[in-house]
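Understanding the architecture of this molecule
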Amino acid sequence: MKRNINLRLLSYTVIAYMMLAFAWWSVLLFVKNRDAYMAKRDKDRIVLIARGVVSSDVEYFESDYYKDLTRKYKRQEWMILGESIVFVISLVIGIWLINRGYNKEVNAARQQRNFLLSITHELKSPIASIRLVLETLAKRRLKKEQSEKLNNSALKELDRLNGLVNDLLLSAKLETAYQLHLEPFQLDEFLADLVLEMKEKYPKAQFSFRSAEEDLTINGDKTGLTSVAINLLENAVKYSGKEPKIDVFLESDEKNVRFSVADEGIGIDDKEKKNIFDKFYRVGSEDTRKTKGTGLGLYIVNQIVRAHKGAIEVSNHPPQGTVFTVTLPYNPAEIS
Ligand code: ADP
């Protein structure tokens, strides 16, 4: 980190030196150009008077020789000014591009670090829990009830592990060989079923589903859209307090269908909103964060929505919480 700051400081010093040196050279060029012009003017004047081409200083200053010379000088002055401006603009654009690239690198490195820390934790903790369950089952004779409880918790951990591995594979696939398997289905029914599943999974959370229309058929990739809706719903639960309240709303217009997932949770800072769809991005740092995750969910959601030629937006849900709105065309195959 310190090395980075030093490097930055060094680059800024070099840039400042370049700017100053360039300003100095420009002024020098201006002055030298003016000196050369004045010397040439005086020389021409004397030579022309001596040759008898003009009879006096006044006549020289009115002659075409003088006017030509002055025009050339003025043109050179404008050229120097123009070049200076172009140089400064290119330098500023160059610095801006370098700075942007640098910031991107720093962010990518931070995300990678965050990812490694969270993925290690996310992979290791279910493995450790399953191991513990297996060891306990092997060592002790337990009552049927107790062993069932342990079994269930091991299965839950396995599901989590499976989900994580699936997310990792899907995110790799989305970058290379992802193909939509489009089929017609009723989006209102599909979302209502997913909300029901979530109700069963999270009995403490309150879910509601409203649809402005019935029998809303779209052409979409069911597996992909399941991933989209589940990720948004799971996040809404995960980033709410102890009693999450989540509203899912579906509507449509002539061109698109639109569904939103609104929660009353912790909300997302405006300056974080543009980052949350990046791969491995999680708000905050590994040391301060309380929730589990890998930063892959919204990346996957965004990629799948975009593969459907749709869009996802995030906004505040006043007074508290977040709304994710997914807009999808009725049939991505018809959109060029
Ligand atoms: P993960 O949940 O594994 O961290 P995601 O890609 O699903 O990764 O989300 C990225 C980040 O966006 C999360 O770390 C969280 O900070 C923020 N986020 C996502 N959904 C919500 C939400 N409903 N409310 C508040 N913050 C959210």
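A quick note: this is a predicted structure, and the numbers were derived from the prediction, not measured. (Residues numbered from 1 in each chain as written. Predicted model: local features only at pLDDT ≥ 70, side-chain atom pairs only at ≥ 80, totals over all residues. Heavy atoms only, no water.)

**Some remarks on unusual backbone geometry**
Residue Pro319 is bonded to the preceding Pro318 through a cis peptide linkage, with omega at 0°. In the Ramachandran plot, Asp215 falls in the positive-phi region, its phi being about 50° despite a non-glycine side chain. For Asp215, the location among the structural elements is in the loop between strand E2 (206–211) and strand E3 (217–221). The residue Lys309 is not glycine, and still its phi comes out positive at about 60°. With respect to the helices, strands and loops of the structure, Lys309 is situated in the loop between helix H7 (297–307) and strand E6 (311–316). (Helix = DSSP H or I, 4+ residues; strand = E, 2+ residues; numbered from the N terminus.)

**A look at the site of the ligand**
Near the ligand, the surroundings consist of 20 residues, among which Tyr239, Asp263, Arg282, Thr294 and Leu298 are the closest. A distance of 2.8 Å separates an oxygen atom of the ligand from a polar side-chain atom of Asn235. Gly295 places a main-chain nitrogen or oxygen 2.9 Å from an oxygen atom of the ligand. Summarising the interface, the protein chains cover 96% of the accessible area of the ligand, which totals 530 Å² for the free molecule. Counting only elements with at least two residues in the shell around the ligand, the list comes to helix H6 (222–238), H7 and strand E7 (322–329). The element that contributes the greatest number of residues to the shell around the ligand is H6, accounting for three residues. Here the residues of the shell around the ligand sort into 10 nonpolar, seven polar and three charged. (Near = heavy atom within 4 Å. Polar contact = N/O pair within 3.5 Å; in protein donor to acceptor, adjacent residues only side chain to side chain. Areas by Shrake-Rupley, 256 points an atom, 1.4 Å probe, with all protein chains shown as cover. Nonpolar A, V, L, I, M, F, W, Y, C, P; charged D, E, K, R; others polar.)

**Let's talk about the sheet that holds E6**
If you walk across this open sheet you meet the five strands as E2-E4-E5-E7-E6, and the pairing is mixed. The outermost strands of the open sheet, each flanked by one partner alone, are E2 and E6. Here the strands of the sheet are splayed against their neighbours by 15° on average, with no regard to which way each runs. In this sheet, E7 lies alongside E6 in antiparallel orientation, the contact comprising six bridges. Opposite Asn316, over in E7, you have Thr322 as the bridge partner. Those strands touched by helix H5 (residues 187–201) are E2, strand E4 (245–252) and strand E5 (256–262), and its axis lies near 175° from that of E2. (Pairing = 2+ DSSP bridges. Axes fitted to C-alpha atoms, helices over the stretch in contact; angles between N-to-C directions. Contact = heavy atoms within 4.5 Å.)

**Structural notes on the confidence of the model for the protein**
Averaged over every residue, the pLDDT of the protein is 89; the share at 70 or more is 97%. Per-element confidence in the protein is highest for E7, whose mean pLDDT is 97, and lowest for helix H4 (residues 144–176), whose mean pLDDT is 87. (pLDDT = per-residue confidence, 0-100.)

**Notes on a negative patch on the surface**
On the surface, a cluster of negative charge is made up of Glu189, Asp193, Glu197, Glu200, Glu214 and Asp215. Looking at the element boundaries, Glu189 is found in helix H5. The class of Glu189 is partly exposed, set by a relative accessible area of 48%. (Patch = residues over 30% accessible without salt bridge, like charges linked within 9 Å, V, L, I, M, F, W, Y side chains within 5 Å. Salt bridge = Lys/Arg side-chain N within 4 Å of Asp/Glu carboxyl O. Lys, Arg positive; Asp, Glu negative; His and termini not counted. Charge placed at Lys NZ, Arg CZ, Asp CG, Glu CD. Buried < 20%, exposed > 50% of the residue type's maximum accessible area, 1.4 Å probe, protein only.)

**Examining the environment of Val86**
Structurally, the position occupied by Val86 is in helix H3 (residues 64–139). The exposure class of Val86 is exposed, given its relative accessible area of 53%. In this structure, the C-alpha to C-alpha distance between Val86 and Ala21, residues 65 residues apart in sequence, is 16 Å.

**Remarks on the environment of Ile266**
Residue position: Ile266 is located in the loop between E5 and H7. A relative accessible area of 61% places Ile266 in the exposed class. In this structure, the C-alpha to C-alpha distance between Ile266 and Phe30, residues 236 residues apart in sequence, is 61 Å. Those residues in contact with Ile266, other than ones at most four positions away along the chain, are Tyr239 and Gln320.

**Quick look at the packing of H6 against H7**
Where H6 meets H7, the axes come as close as 9 Å, and the angle between the chain directions of the two elements is 145°. Relative to H7, the crossing made by H6 is left-handed. When H6 is examined against H7, the residues Gly224, Leu225, Ser227, Val228, Asn231, Leu232 and Asn235 are found in contact with a partner set consisting of Gly297, Leu298, Ile300, Val301, Ile304 and Val305. (Left-handed = near helix turned anticlockwise from the far one by under 90°.)

**What to know about the domain arrangement of the protein**
As assigned here, the protein comprises domain 1 (1–177) and domain 2 (182–334). In this complex, domain 1 contributes 18 residues to the contact, which on the side of domain 2 involves 18 residues. Both faces considered, domain 1 and domain 2 share a buried interface measuring about 1600 Å² in area, 56% of it formed by carbon and sulfur atoms. Of all residues in domain 1, the largest losses of buried area upon contact with domain 2 belong to Gln111, Asn114 and Leu174, amounting jointly to 31% of the total for that side. Counting across the interface, domain 1 meets domain 2 through one salt bridge. Residues Glu175 and Lys279 are paired through a salt bridge, measuring 2.8 Å at the closest nitrogen-oxygen approach. The tally of links from domain 1 across to domain 2 stands at three residue pairs in polar contact (both at pLDDT 80 or more). Considering every element that reaches the side of domain 1 that touches domain 2, the biggest residue donor is H3, with 10 residues. Among the residues forming the side of domain 1 that touches domain 2, the class breakdown is seven nonpolar, six polar and five charged. (Domains from an automatic or database assignment. Buried area = accessible area lost by both parts, 1.4 Å probe.)

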